[in-house]
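Each chain is listed here by its residues.
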Amino acid sequence: MLYKEVIRINNEINLKDSLFSGQSFLWIIDTDRPEYYVSVIGRSPVVLRQISDNTLEIQSTSNTVRNRLLPDFISNYLSLDIDHKYIFSEHFPPLYQELWKILGDYLSLRILRQDPFETMISFMCAQGIGMHLIRKQVSMIQQCYGEKTFITLAGKEIPLHIFPTPERLAAVDPLAFSICTNNNRIRASNIVLAAQGVAEGRINFDHPGMRELPLSELRNTLCQNRGIGFKIADCIALFGLGRFDAFPIDTHVKQYLEKWFNSTTALRSLTPASYLALDAEARTFLNPDFAGYAGHILFHCWRKEVKKLRSF
DNA sequence: CCCCAGGCTTTTC
DNA sequence: GAAAAGCATGGG
């Protein structure tokens, strides 16, 4: 049965940039109806469309999530509970006036609260390669190992794949799986090991405290797994565990820290030591509780406005 | 041909 | 300790 509703929100949102800024790699656009964005959240196929700055149309044909709860479900996913005024402190705009003007168009970017397992695997695919290759890997994992389902949109059935469960990925042959990891066998093996960790309960994202641990402890815990370093650990925390204080530092973040914030630390090569130094530095001009939320807005703005990247 | 992409691990000084 | 090489592929 089709369920459709319009939800109104307090803040503005840029839905497309929020979904396609590279925090989730799983949203697709139906070429016949490019204004509709389709994906599976949890195990529920969902369709979203932006109606105005602060209204969205949401659709679902699934009863996995009780449909009457869908608005709350979507609100949580899009972090609509987070007010814009928390993200940057009041001291920020006067200190960085030029940057603040450019950032204006990007403040409506929302961070998604995604599934932690999906987030972990997606960002393990993101080592030293371009965004399109990352997206290719994640969608191949979905299509090769994910359960197939459908969403009905305007009478047309669109096929979709649910992201595979930890148990499914735990059971695959790493060598065969490497066709999904850009032929990188080490990465394939690391992902299978991580999936086994989740399937066997050694990695437990539902563990009480996982979302309250001090950031350094959480990061060190996640880094126990092969293929996960500081950056990927922080991405899992930020996008998968709703830890908006986690501040992942990659090549782009390093670049904008130098150019926009005159960080001399950012001139050094990115090592564990300089990573921690940059992390501490960023918290002096970003609100520490929302450093990663702000960081993702800066990241997306940097890539689009300065690097002129079209595909993201 | 080069260098760079949402890095991490191993080896070498 | 810090630096360098290896991993893999596509695009500028």
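Every chain begins its residue count from 1, and numbering advances along the sequence as written. Chains and ligands are labelled sequentially in the order written, the chains with letters from A and the ligands with numbers from 1. Given that the model is predicted, a residue must reach a pLDDT of at least 70 before its local features are reported, and side-chain atom pairs must reach 80 or more before they are shown or counted; all residues, however, enter totals for whole chains, interfaces and linings. As a convention, hydrogens and water are excluded, and side-chain values are obtained from all of the structure's heavy atoms.

## Observations regarding the overall build of chain A
The condition that has to hold: Each helix corresponds to a stretch of at least 4 residues labelled H or I by DSSP, and each strand to a stretch of at least 2 residues labelled E; elements are numbered beginning at the N terminus. Every radius of gyration here is taken over C-alpha atoms, with the globule rule written as 2.2 Å times N^0.38, N being the number of residues. By definition in these notes, contact holds between two residues if any of their heavy atoms fall within 4.5 Å. Using the Shrake-Rupley algorithm and a 1.4 Å probe, accessible areas are obtained, with residue cover drawn only from the displayed protein chains. When charges are counted, Lys and Arg are positive and Asp and Glu negative, with His and the chain ends excluded. Just so you know, the charge point we use is NZ for Lys, CZ for Arg, CG for Asp and CD for Glu.
Looking only at helices and strands, one finds 15 helices and 7 strands in chain A. Taken over the C-alpha trace, chain A has a radius of gyration of 19 Å; the compact-globule value for 312 residues is 20 Å, and the two agree within 12%. For the C-alpha atoms alone, the extent of chain A along its principal axes is close to 55 × 45 × 40 Å. Taking contacts inside chain A between residues at least 6 apart in sequence as the whole, the part at least 24 apart equals 65%. Surface exposure of chain A reaches about 14,500 Å², of which carbon and sulfur atoms provide 50%. Across chain A, 34 positive and 32 negative side-chain charges occur, with their mean positions spaced 5 Å apart.

## Let's talk about the protein's contact with DNA strand B
So the rule is basically this: Neighbouring residues are identified by heavy atoms, a residue being near a molecule or strand if any of them is within 4 Å of it. Pairs of N or O atoms within 3.5 Å make up the polar contacts considered here, provided that, within protein, one atom can donate a hydrogen while the other can accept it, and that residues adjacent in sequence are counted only when both atoms are side-chain atoms. Classes in brief: Ala, Val, Leu, Ile, Met, Phe, Trp, Tyr, Cys and Pro nonpolar; Asp, Glu, Lys and Arg charged; the others, Gly included, polar.
Near DNA strand B, the surroundings consist of 26 residues, among which Gly22, Met131, His252, Gln255 and Arg303 are the closest. Among atoms of DNA strand B positioned within 4 Å of the protein, sugar and phosphate together represent 63%. Within the contact set of DNA strand B, a phosphate oxygen lies 2.9 Å away from a side-chain nitrogen or oxygen of Arg226. Within the side chain of Asp250, one N or O atom sits 2.9 Å away from a base nitrogen of DNA strand B. Among the elements of the structure, α12 (230–240), α13 (251–261) and α15 (291–306) are those that each provide at least two residues to the surface near DNA strand B. With 4 residues, the top contributor of residues to the surface near DNA strand B is α12. Grouping the constituent residues of the surface near DNA strand B by class yields 8 nonpolar, 13 polar and 5 charged.

## Observations concerning the pattern of salt bridges
The criterion, for reference: Here a salt bridge means any side-chain nitrogen of Lys or Arg lying within 4 Å of a carboxyl oxygen belonging to Asp or Glu. Only protein chains enter the accessibility calculation, which uses a 1.4 Å probe. A residue is then buried if its area is under 20% of the maximum for its type, exposed if over 50%, and partly exposed in between.
A complete count under the given rule lists 13 salt bridges for this structure. Note that Lys156 and Asp30 form a salt bridge whose closest N and O atoms lie 3.2 Å from each other. In this pair, Lys156 sits in strand β7 (residues 156–161) while Asp30 sits in strand β2 (residues 28–30), placing the two residues 126 residues apart along the sequence. For Lys156, a relative accessible area of 33% translates into the label partly exposed. Residue Asp30 is classed as buried on the basis of its relative accessible area, which comes to 11%. Among the salt bridges present, the one from Glu147 reaches Arg43, with a minimum N-O distance of 2.7 Å. Separated by 104 residues along the polypeptide, Glu147 in the loop between α7 (131–145) and β6 (148–153) and Arg43 in the loop between β3 (33–41) and β4 (44–52) bring together distant segments of the chain. A single network of salt bridges, built from pairs that share partners, joins Asp30, Asp32 and Lys156.

## Structural notes on helix α11 (residues 215–222)
Under the convention used in this document: This arc describes the spread of directions from the helix axis toward the C-beta atoms.
Along α11, the positions that sit buried rather than exposed are Leu215, Leu218, Arg219 and Leu222. Buried residues along α11 cover an arc of 100° about the axis, so they all sit on one side. Looking at the buried side of α11, the elements it contacts are α12 and α14 (272–285).

## Considerations on the nonpolar core
Just so we agree on the cut-off: Grouping buried Ala, Val, Leu, Ile, Met, Phe, Trp, Tyr and Cys residues that are joined through side-chain atoms within 4.5 Å yields what is termed a nonpolar core.
Met120, Phe177, Phe205, Tyr256, Phe261 and Leu286 are the most contacted members of the largest nonpolar core, which totals 75 residues. Once residues lying within four places of it in the same chain are set aside, the contact partners of Leu286 are Phe88, Phe92, Phe247, Ala291, Ala294 and Leu298. Counting residues in hydrophobic clusters, the runner-up holds 20 residues, among them Leu48, Leu70, Leu78 and Leu112.

## Looking at the domain arrangement of chain A
A common measure of how large an interface is: the accessible area buried when the components associate. Here is the rule we go by: Domain start and stop points were drawn from an automatic or database domain assignment. Once two parts are brought into contact, the accessible area they lose, counted with a 1.4 Å probe and summed over both, makes up the buried area.
When the domains of chain A are assigned, the result is domain 1 (3–81) and domain 2 (116–240). Spacing between the C-alpha centres of domain 1 and domain 2 amounts to 21 Å. Taken over both partners, the interface formed by domain 1 and domain 2 buries close to 1,900 Å², and the fraction arising from carbon and sulfur atoms is 68%. Of all residues in domain 1, Phe25, Leu26 and Arg43 bury the most surface against domain 2, accounting for 38% of the area lost on that side. At the boundary of domain 1 with domain 2, the tally comes to 3 salt bridges. Salt-bridge contacts for Lys156 lead to Asp32; the nearest nitrogen and oxygen are separated by 2.7 Å. The tally of links from domain 1 across to domain 2 stands at 3 residue pairs in polar contact (both at pLDDT 80 or more). Looking at the side of domain 1 that touches domain 2, the elements with two or more residues in it are β2, β3 and β4. No other element matches β3, which puts 5 residues into the side of domain 1 that touches domain 2. Looking at the side of domain 1 that touches domain 2 residue by residue, the class counts come to 10 nonpolar, 8 polar and 4 charged.

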